[in-house]
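Structural description and commentary
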Amino acid sequence: MSKLNIALVGAGRRGGGAHLPVIAKLKDVYNLVAICDMDEEVANRYAKQYGANPYTHIRDLVKREKLDVVDITVPGTAHHAVACFMADAGVNIIIETPIAVTLPMTDLMIEAAKKNSVKLEVAENYYRAPRERFLSKVIEGGAIGTVGRIYRIFYEGGYHGMSMLRLRAGGEPKSILGVSQTTPVIPIIDRMKRHHTDERWTMGFLEFDNNATALMVYSNVIHARSLGRGQSGISQIDGSKGTVVGEEIYVVPATDLETGARGVPHTPTRTTIDVDGVKVIEKIELELPDQVVTWDNPLKHYPLSEGQIAVADELLSIANAVLNDTEPEYGAWLARQDQEMNIGMSESAKQSRETLTFPLTDLTETERSTHESYEKQHGHPIDDIEASIDTFFARR
Ligand SMILES: NC(=O)c1ccc[n+]([C@@H]2O[C@H](COP(=O)([O-])OP(=O)(O)OC[C@H]3O[C@@H](n4cnc5c(N)ncnc54)[C@H](O)[C@@H]3O)[C@@H](O)[C@H]2O)c1
């Protein structure tokens, strides 16, 4: 397999900061040739650490480097601009979540990728985590029957949450009801260095076309695990013959079906192996009365921690798409759909809790105000790509 030249744009705190050590471990697939960040100190520091060339502007990056893939981890409001520019330069893209902050911005990216025949993958990592890949196998294997309801309370929210609810429901989203409330909190800086002065709380209730429903409760302070919020969450998937609670799978012994039908918990076991001094998950296995479910880690030969597996998975998704001329596993359309559900939740809350149906056909108030504040803050509209890529997008 020939190696792909990759550059990372936006080396910041979390997106870029988490991707770089993983790219470095995928040496058989990627040559990390450049790191670009408008903050010169950041570009130089990471470039030195990873033996790559530093850049402070993407115009210079594409002029001087021959790139197969770019990993874009600039703040979300800048995603569409950097992605459209890189697509026009003929570079395949993996971009951090959300794909973009509004659907028109997302559509600019999808059109640019299509026009230039480049692949576009989105780094949605939640469903790629070993635990979630394993639970997907449990549900697909029929252990809990047909999924009817999903609860994700105090877990991930926004587009990440929507992505998980859509996956677990196994259907197309039909409608959403959103409720939101903002309350003040004392000024805090969380462990990811995000600043909070209020708690933006949301609740979403979704219906899917296969009759499944889902309930999500989330806030920025819950996500940050600050002030004691979200110290314990509920992740429950109710099926016609069993339930998944967290990582435990409840099924009823055949003999008890008519005498209480109490679910008996079954806990999966993890097997690890040592790879270059790193404890790597080899497999997750679960023994049920009528079947054994096993998830084998397809990346077990890499020295990846459990948290790094999802990042490696998405980086390999775009590599495979480029090398084999196939579509990436998640891709722009599912990312768009998850962001559409997220926007729908916010819009429903704004419209006096009116239930909204999918697809959203008109520009929502939520998106209109995002576009307005973008223009007010940066002095150009969202579709002025040239002006946008000269803009520094500050961290929140
Ligand atoms: N998937 C996840 O779980 C997850 C978690 C955290 C962050 N993210 C995403 O990762 C991305 C980055 O988040 P972060 O917290 O690391 O942000 P950050 O602000 O810490 O880093 C972004 C970097 O981009 C640079 N930058 C800004 N404008 C630029 C431009 N025009 N050209 C080049 N560089 C520019 C900044 O200097 C900064 O170093 C965001 O899209 C965020 O939503 C995803």
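See above for the structure.
These numbers come from a predicted model, not from an experiment. (Residues numbered from 1 in each chain as written. Predicted model: local features only at pLDDT ≥ 70, side-chain atom pairs only at ≥ 80, totals over all residues. Heavy atoms only, no water.)

Moving on: the overall build of the protein. Looking only at helices and strands, the protein features twelve helices and 18 strands. By the compact-globule yardstick of 21 Å for 396 residues, the protein fits well, its C-alpha radius of gyration being 22 Å. Reported as C-alpha extents along the three principal axes, the dimensions of the protein are approximately 70 × 55 × 45 Å. Expressed as a percentage of its 396 residues, the buried residues of the protein come to 52%. Carbon and sulfur atoms make up 49% of the accessible area of the protein, which totals about 18200 Å². (Helix = DSSP H or I, 4+ residues; strand = E, 2+ residues; numbered from the N terminus. Rg over C-alpha atoms; globule rule 2.2 N^0.38 Å. Buried < 20%, exposed > 50% of the residue type's maximum accessible area, 1.4 Å probe, protein only. Areas by Shrake-Rupley, 256 points an atom, 1.4 Å probe, with all protein chains shown as cover.)

This next bit is on the pairing of strand β13 (residues 248-251). Burial along β13 is one-sided: the residues I249 and V251 are buried and none of E248 and Y250 is. Sheet topology note: the strand β12 (residues 242-245)/β13 ladder contains four bridges and is antiparallel. Residue pairing for β13: T243 is matched across the bridge by Y250. From the end of β12 to the start of β13, which pair antiparallel, there are two residues, and G246 there has a positive phi angle of about 60°. (Pairing = 2+ DSSP bridges.)

Glancing now at the pairing of strand β15 (residues 269-275). The pairing of β15 with strand β16 (residues 278-287) spans seven bridges and is classified as antiparallel. Residue T269 lies in a different strand from β16, and its bridge partner there is E285. Remark: two residues form the turn of the hairpin made by β15 and β16, two consecutive strands paired antiparallel; D276 in that turn has positive phi of roughly 50°.

Inspection of the secondary structure assignment puts V251 in strand β13. Owing to a relative accessible area of 9%, V251 belongs among the buried residues under this scheme. Taking the C-alpha atoms as reference, V251 lies 5.4 Å from V264; in sequence the two are 13 residues apart.

A word on the packing of aromatic side chains. Applying the stated rule across the entire model yields two aromatic pairs. The ring of Y46 carries the charged tip of R45 above its face, separated from the ring centre by 5.1 Å. (Phe/Tyr/Trp six-rings, centres within 6.5 Å; stacked < 30°, edge-to-face > 60°. Lys NZ or Arg CZ within 6 Å of the ring centre and 35° of its normal.)

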